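Spelled out from the first residue to the last, the chains are:
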Amino acid sequence: MEQNVNSPKLNSCSQIISILLFLYLGALQASAQNLTTNCGSPGSWTYLNTQAQVQNISGCSSILGSLQITSGISDLSPLSSLTSVQLTLDITGTSFTDLTGLNSLAYIGENVVLQSLNGLQALSSVAGGILIYDSPALTSISALVGLKTINPSSSLRYSFGISIYRNQKLKSLDGLQSLQSVGNTIFIDNCPILTTLSPLAANPLTAPASLILTSLPALGDLTSLKQFTTRNNVSTSIQLSNLTYVLSLSGLEGFTNIGNLTILSNPRLADISVLKNALVAGPIVDFEDNGLLCDFSGLNVSIPAKVPSAKFVSACGKASSSTGTNDGKVSLPGGAHTNSPRISGLLVLLLTLVWM
C-alpha cells in the first residue's frame, strides 16, 4: 500500500522535531552569549556597593573598564562567571575574610587593589600592578599561587608592580612563587613580622626599575633576591631602610646597574661588598645611620655632573663631619674611591662626604 506522506501523524512528528531543534539551537545561542557576556563600559568604573548591584551583574564574564567592590556586600557568589576585568579591580573597605565567588577570575588588565585574597586562586595575569595594603588581619597571600605575570611587558604606564604594605600580620610572601615577571616596582613596607622573601627566589626574574624594602624589622636577609638580574642595562633604584636584622647586601648580586642608592638606618648592616660588580650611577647616593658599616670598598660609584652629593652619615659608630671636593677623585670610607668627570666653566660638581 502506498503511504500517504501528508498523513497527520507524520506532520505532527515533523512539527515536534522542528520545535525541539529550535529550542536546542536557542539554548546553544544563549549559552554562547553567556560565555561572552560583557558588563560595564570601557574606561569607566562599575561600582558595587550593595548586594542588589552584585546580583544585577550576575552572569557577566567580563567587566569592561574597572570594578570596585566596597562595603555593603555580603556575598560574591553571583560573580562566579566573571573571568576578566579589563582595567582595575579594587576591593577595599569590606569585611570579607575571603573572596569566594571570584574563583573564575583569571585576568586583570591593569591594577589590583586588595585587602582580602582567598578566592583568587585562578588569577594568573595582571597587566599593571598589584597592591595589598592596610589589612590588619591578613596572614597569608597564598591565594595568589596561580599568579604568573605582573606587567610582563614592563610598560612604564604601570608603576605599581608588587606593592605590599601596612599588613601587620603578614608572615611570608608564600603565594608569589609562580611569578615570572614582577613589573616595574617591588615595594614592601611596614610588615613587622615578615621574616623572608624566599618565594621570590623560585624563578629567574628581571630586576624592576625600583626596589624598596623598608620597615621590615623581622626580615633576616636579602638572599632570596638572588634570582633577579639587570635587564638590558636598565638601572634599578634601590632603597633599603630600617631592616633591623639584615647583616649584608648578599642577594643583590644580579643588580649590576643601580641608579639611586639609599641605605638608611640598618643597625646591623656591616657588609656591602656584593656591590663590587654593580655600577651605581645616582643621582642620589645616600648612606645614613648604618652604625656597623665601616667598609665601603665594594662601592663602585660613577658620579656624573648631575650628582649634587654623595652622603655617608653616622657610619662605623663615628660622629658626623663633612668635607667637599671637586678635584674629580673622591676618597670614600673604607678605601673605595669614585672617579668623576672634571668640571670646568660655571658648572661645579660638589661631593659632600660626611665622615670623621
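Keep in mind that what you see is a predicted model, and the values were worked out from it rather than measured. (Residues numbered from 1 in each chain as written. Predicted model: local features only at pLDDT ≥ 70, side-chain atom pairs only at ≥ 80, totals over all residues. Heavy atoms only, no water.)

1. Remarks on the state of the cysteines
Working step 1: According to the stated counting rule, one finds 2 disulfides in the structure shown.
Working step 2: Residue pairing for C39: its cysteine sulfur links by disulfide to C60, the two sulfurs lying 1.6 Å apart. Since a negative S-S torsion denotes a left-handed disulfide, the C39-C60 link at about -60 degrees is left-handed. Placement of C39 in strand 1 (residues 38-48) and of C60 in the loop between helix 2 (51-56) and strand 2 (62-69) is noted, with a sequence separation of 21 residues between them.
Working step 3: For C39, a relative accessible area of 13% translates into the label buried.
Working step 4: By relative accessible area, C60 is classed as buried at 5%.
Working step 5: Residue C294 pairs covalently with C316 via a disulfide, S to S 2.0 Å. (Disulfide = S-S within 2.5 Å. Helix = DSSP H or I, 4+ residues; strand = E, 2+ residues; numbered from the N terminus. Buried < 20%, exposed > 50% of the residue type's maximum accessible area, 1.4 Å probe, protein only.)

2. Comments concerning the nonpolar core
Working step 1: Ranked by internal contacts, the top residues of the largest apolar core, which has 80 residues, are I141, L173, L213, L225 and F287.
Working step 2: Excluding residues that lie within four positions of it along the chain, F287 makes contacts with L261, I263, I272, L293, F296, L299, K311, F312 and V313. (Core = buried A, V, L, I, M, F, W, Y, C linked by side-chain atoms within 4.5 Å. Contact = heavy atoms within 4.5 Å.)

3. What to know about the environment of L205
Working step 1: Looking at where L205 falls in the secondary structure, it is placed in strand 13 (residues 205-206).
Working step 2: Considering only alpha carbons, one finds L205 and G254, 49 residues apart in sequence, at a separation of 9.9 Å.
Working step 3: Sequence-distant contacts of L205, defined by excluding residues within four places in its chain, comprise L179, Q180, S181, V182, L200, Q227, F228 and T229.

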